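Now for the letters of each chain:
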Amino acid sequence: MARSRSRIFVWLLRRRYAVLALNVLVIVAAGYGASGVPTDYTMEQFFPGWGPERERFDHYKLTFPKEDTRITLFWQDARSAGLDLYRGLEQVAGIFEAAGLRDVRWLGSVEVAESIELDGESVLDVHPLVEPSFATDLSVRQAIERHRDDPLLRGYLWSQDRKTFAVHGTLPPEVMADDAARREVEERLESEIDALRGDGRTLVLNGIPIIRARVPKLLDEDQRRLVTAGLVVFLVVLFLFFRHLGQVVLCLVSVVPAYLCTVCLIGFAGKPVTVMTGFIPIIVLVVGGSDVVHVLSRYRRRRAVSGNFEAIVGSFTELSGPCFYTSLTTGIGFASLAGTRIQLLADFGLFTAAAIFLTYLFSMTLLPVLLSFYRRRKLNDRALGALWIFRTVEAAAELASRQPRKVLVLFGGAAVLALMLGSRVRIDSHLVDDLNERSQLLRDLRWIEDAGFSVFQVNIHMRQEGETPLHHPASLAWMEDFQRFVRKDPVVIGTAALPDLLRPLRRATLDGDAAQGSLPTSLEEGSQLLLLAEMQEGGLVTDLYRQAEGEAQIVVVVRDAGSRFMLPFLAAVDRHLENRPPPYGTAVSTGTTRLIQNYTAQVLRNFLPSLALAVVLILGVMTWMFRSLRQGLLALVPNLFPLLVLLAVMGAAGFPLKPATILVFSIAFGLAVDDTIHVLGRFRDLTRSGVSVNRALPRAVRDTGPAILMT
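Attention here is on the structure that accompanies the text. (Residues numbered from 1 in each chain as written. Predicted model: local features only at pLDDT ≥ 70, side-chain atom pairs only at ≥ 80, totals over all residues. Heavy atoms only, no water.)

## What to know about the overall build of the protein chain
Note the following rule: Elements are defined by DSSP. Helices are runs of H or I of four residues or more, strands are runs of E of two residues or more, and each kind is numbered from the N terminus. Summary of the burial criterion: residues with accessible area below 20% of their type's maximum are buried, those above 50% are exposed, and those between are partly exposed, where the area comes from a 1.4 Å probe applied to protein chains only. The contact criterion used throughout is that any non-hydrogen atoms of two residues lie within 4.5 Å. Surface accessibility in these figures is a Shrake-Rupley result with a 1.4 Å probe; residues are shielded only by whichever protein chains are displayed. His is not counted here, nor are the chain ends, while Lys and Arg score as positive and Asp and Glu score as negative. Every charge is mapped to an atom, namely NZ of Lys, CZ of Arg, CG of Asp or CD of Glu.
Counting secondary structure elements, the protein chain contains 24 helices and eleven strands. In terms of its C-alpha atoms, the protein chain occupies a principal-axis envelope of roughly 115 × 50 × 45 Å. Considering the protein chain as a whole, with its 711 residues, one finds that 52% of them fall into the buried category. Of the contacts formed within the protein chain by residues at least 6 apart in sequence, a portion of 77% connects residues at least 24 apart. Accessible surface computed for the protein chain: about 32600 Å², of which carbon and sulfur atoms make up 60%. Side-chain charges of the protein chain comprise 76 positive and 73 negative groups, with the mean position of each set lying 20 Å from the other.

## A closer look at the pattern of salt bridges
Oppositely charged side chains can form a pair if their charged atoms are brought close together. Rule in force here: The term salt bridge refers to a pairing of a side-chain nitrogen on Lys or Arg with a carboxyl oxygen on Asp or Glu at a separation within 4 Å.
Applying the stated rule across the entire model yields 29 salt bridges. The partner of arginine 682 in a salt bridge is aspartate 703, and the shortest N-O contact between them spans 2.8 Å. Of the two residues, arginine 682 sits in helix H23 (residues 659-688) while aspartate 703 sits in helix H24 (residues 693-710), which places them 21 residues apart along the sequence. You'll find arginine 682 and aspartate 703 in the same group, each marked buried. Arginine 684 serves as the salt-bridge partner of aspartate 685, at 3.9 Å between the closest nitrogen and oxygen. The exposure class assigned to arginine 684 is buried, which follows from its relative accessible area of 16%.

## Concerning the pairing of strand S6 (residues 201-206)
Stated precisely, the cut-off is as follows: One requirement defines pairing of two strands: DSSP has to find at least two bridges between them.
With five of six residues buried, S6 lies mostly within the body of the structure. With six bridges connecting them, strand S1 (residues 70-77) and S6 associate as antiparallel partners. Its bridge partner lying in S6, threonine 72 is registered against asparagine 206.

## Overview of the environment of alanine 415
Following the sequence through the fold, alanine 415 ends up in helix H15 (residues 404-422). On the accessibility criterion, alanine 415 (16% relative accessible area) is buried. With 275 residues separating them along the chain, alanine 415 and glycine 690 place their C-alpha atoms 35 Å apart. Beyond its immediate stretch of four places on either side in the chain, alanine 415 contacts Phe641 and Leu644.

Printed below as a string of structure tokens:
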């Protein structure tokens, strides 16, 4: 096997110009192809790609598409509500309409139904909440005071303390589906609204479209900063290690082409660069750089005692096998993410695995060819032989050969401590997560919730079965009972459903001075009140009830309280719907919030099975590599230790377990295995060449130790 590998590298070096030209052509073509691959940071990527939950969501969105399209301006004023507030909200509504938003609702656009005396008779009068032509400080205050407890207006147009008001508008579907257009609308609105700030006013623009426009900007900034910082640190550390600028640059030679080819593969598969695949460069930099460091370290040692040609062939022949296995095991670690039903994670795992193998391919073809052009005889090995590196490696070699029992006891105790600390890790994930605490977007969301609003909701989708419509009194009573049930949970800010429209109308037409009014007592009465509701505010009716389609929804406005509160709440909702179904038809919980939380729960459920699958597959690879199950098991044990330490750090520092941190486990496990393979690969080569086990083990540590420290 070694001879055949040696012949391959001899063949490559003797045809180095052809190999170099072929690599250049591949890189140019990959760069051209990668430049045309679009980016996509849409929220739907985090949804399950298939299954009953996704089918329910897709059907719900066909009937009630506005859930994720609403943009809201929250206005808090130090002064009491009056004409100035009214004119300010009117100006915002004009800005919304000029920007192309539809169905703009605010204090001056909503109509209400009230009973008035006319010629001695009580008649129903449908009129604007505030008459525009007669708006005064007094009329604005009276209108708000008169309807302050209206369940459809409180928490929608104003907060419970009536100090914060809202203007709502919805994006057209064609704009909502276009990332660039959505960003353009967000930037225009923010620019024009910024001129209204000041004088004791706090204005916050938010909503799902705003979040979806701003998060990609933050991700772009983070990726540019992280990739740049990672690259700088990578180059500086390598230069301190190798003291040779040319060889530092060579460490990037296999990484950059591999990433360009991976982006080409993403485009060829008909997919965009996503939130997750955008971080592949950092991962490939670390993984690919690790193998290159080992190869160059071995090459430099051989170069000191032999010619350039022999040093290249010898070092690549020795390490091409171990580097293949490191790429294979790391690729398996990432590819195991494909076991989830989340397409975003599956794509990330598969494309990262492809990038790692491409890095190996370029490292084994392009790197030896480039090294063949190096003519200098001497290399600066001061860093490789630095005292701290020498002492660290020697200490490890001494421990490995003379004090194995003490080492086992030490690591066993550390593992027990790590398990104790790791048991304190809590599971928690937010809808808008992984943002810096100082992020303006995160601060805005918390301010909105403190003001008594929220941009997130859970939706109960009801569907009629049979001839009885959903505005039947029994169905309306069931809706109200469900609203009372969910309002008891602290994550719920408010609810909206068809009874909230019909009860005030019945009070105005039939109940007289009754404080709350009552629900319709017959289907005919409910139909008449529904007709009045459509006359009063048809948009609100269609947001909650589509009689022609036989579908309705209950909107449950919720806080972004984290999965440790949201998942139990959603489970309680499902139990309630199962145990107390509606009298006519069906009801299921759905919506964007529901699917994102289900994504979190699914990733957490699949974490241990995916990790176990990766462990089994990697064990199989290492058993095959060493031709021994015993050595495969021995090689696996030390690679589980970093995961325990990582869990302990999370428990001690208070980091929650969530999808983002779970990915770190996959990366950490794959990288830990790489160093083990290099140590044991060198140990195997030494024992096969006749070196005794007692001498081969410390020598293997000394040979690979400096490169392991660097990686």
